[in-house]
Amino acid sequence: MKKALAIVLAILIFIVFALAFVKIPFGEKMSTYPHYYNPITNQTSNMSLPQHYLTYGKNDTGATNMVTAIVVDYRGFDTLGEVTVLFLASTGVGSLMYVENKVKKKVRRSNAVVETGSKLLFGFIILFGAYIFIHGHLTPGGGFPGGAVIASAFLLLYLAYPKFHAKHEKLSVSESIAGLTFVIVGLIGLIIAGYFLYNFLPFGLPTYLFSAGVIPLIYVAIGVKVGSELTAIVDSMMGVRE
Amino acid sequence: MIQYYYLGSIALIAIGMYIVIAKRNLIKIILGLDIMDTGVNLLFISIGYVKNATAPIENVPGPYVDPIPQALVLTAIVIGVSVMALALSIAIGIYKKTGTLELDEILGVKK
């Protein structure tokens, strides 16, 4: 009875959403989007908001990757909030999974192939993650995927070595330094130009590694922060083992 | 004519909604929420698609796809993962206290 009701409700939701999306065009050119209205100057631009970003983004931020330009520069404050959500989730997992009476679970040793392979791969995976977040303003990727790649390297170590334990103190140090870097860069912008996360460094030449002002700095901080937080989440969910 | 991309992602949302309502196991409910999350992300990305366009990285000549949904979904994926980790650890805590993951047994409902 309840399952039938649930199926009916799911189909109803499907139909309502589908009807809502019948008239939304797919793959249309961005010039057909509604034009961007600026409430501060009370003017309607002659282009849509994504077109505005794609046209002026390179001069505004110096970044080549427009997704990075939006995430770190135009909506940098939003990203600070999202990093805070990640921090809160990691803290919550840590406090929920904390065990007072350390009951040690017995675990089997893993395969020799997995142990040797993870030893060989660990450094390369960390290097790849660092490459992704250092080049966040030039190539696809950035701090969030790079941090996830670094956490996956640690997950491989957990799979290969059942007794492995990342030190929470060191993780919290790297995480705090990364978070502080983000906030301090924002505050320096506030002091220099009067608004938070102002891009105060010189932009340099586009498509070069040292370009786009503070964007690579912030993205490296986000990468380190996401990497250490996800590693802390993995570590707390693994529990105490022997 | 509605696009298949929209239909697929809306189907994912509906499947997730069905799981959340019909299933009475905590792990299954959390996985249902994650399926809904995936559907919403896919819907966002497909709204920003432009025909014959490339990724919005300006070292190749355009036209580019809409970068705003990609920027939103990029952070939403990581947030979704961390929120799911939090939900799963709450479920583990409930299992340690009550010894079961079935909602009916936790709430003491008699069948």
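Just so it is clear, the model here is predicted, and its values are computed rather than measured.

Cut-off values and rules
Residues numbered from 1 in each chain as written. Chains lettered and ligands numbered in written order. Predicted model: local features only at pLDDT ≥ 70, side-chain atom pairs only at ≥ 80, totals over all residues. Heavy atoms only, no water. Helix = DSSP H or I, 4+ residues; strand = E, 2+ residues; numbered from the N terminus. Salt bridge = Lys/Arg side-chain N within 4 Å of Asp/Glu carboxyl O. Buried < 20%, exposed > 50% of the residue type's maximum accessible area, 1.4 Å probe, protein only. Polar contact = N/O pair within 3.5 Å; in protein donor to acceptor, adjacent residues only side chain to side chain. Contact = heavy atoms within 4.5 Å. Buried area = accessible area lost by both parts, 1.4 Å probe. Nonpolar A, V, L, I, M, F, W, Y, C, P; charged D, E, K, R; others polar.

What follows covers unusual backbone geometry. Phi at A:Leu197 is positive, roughly 65°, even though this residue is not glycine. Position of A:Leu197 relative to the elements: it lies in the loop between α7 (168-193) and α8 (215-238). Positive phi is not limited to glycine here, since B:Asn52 has a value of about 60°. Within the secondary structure layout, B:Asn52 lies in the loop between α2 (26-47) and α3 (67-98).

What follows concerns the pattern of salt bridges. All names here are of chain B. Applying the stated criterion to the full structure yields three salt bridges over all chains. Aspartate 104 serves as the salt-bridge partner of arginine 24, at 3.1 Å between the closest nitrogen and oxygen. One end of the pair, arginine 24, is in the loop between α1 (4-22) and α2; the other, aspartate 104, is in helix α4 (residues 103-107), with 80 residues separating them in the sequence. We classify arginine 24 as partly exposed; its relative accessible area is 30%.

Residue and element names in this part refer to chain B. Secondary-structure assignment places asparagine 25 in the loop between α1 and α2. Within polar-contact distance, the side chain of asparagine 25 engages the backbone nitrogen of isoleucine 27 at 3.0 Å. Excluding its chain neighbours within four sequence positions, the residues that come into contact with asparagine 25 are Leu101 and Glu102.

What follows concerns the interface of chain A and chain B. Accessible area lost upon the coming together of the parts is a frequently used measure of interface size. The interface of chain A with chain B comprises 51 residues on the first partner and 45 residues on the second. Across the chain A/chain B interface, buried area totals approximately 4,400 Å², and carbon plus sulfur atoms make up 78% of it. Among the residues of chain A in contact with chain B, A:Phe14, A:Phe21 and A:Phe26 are the three that bury the most area, contributing 16% of the side total. One can count zero salt bridges joining chain A with chain B. The interface formed by chain A and chain B includes four residue pairs in polar contact (both at pLDDT 80 or more). Listing elements by their share of the side of chain A that touches chain B, those giving two or more residues are α1 (2-21), α2 (49-61), α3 (66-74), α4 (76-96), α6 (143-160) and α8 of chain A. Ranked by residues supplied to the side of chain A that touches chain B, first place goes to α1(A) with 11 residues. Classifying every residue of the side of chain A that touches chain B gives 38 nonpolar, six polar and seven charged.

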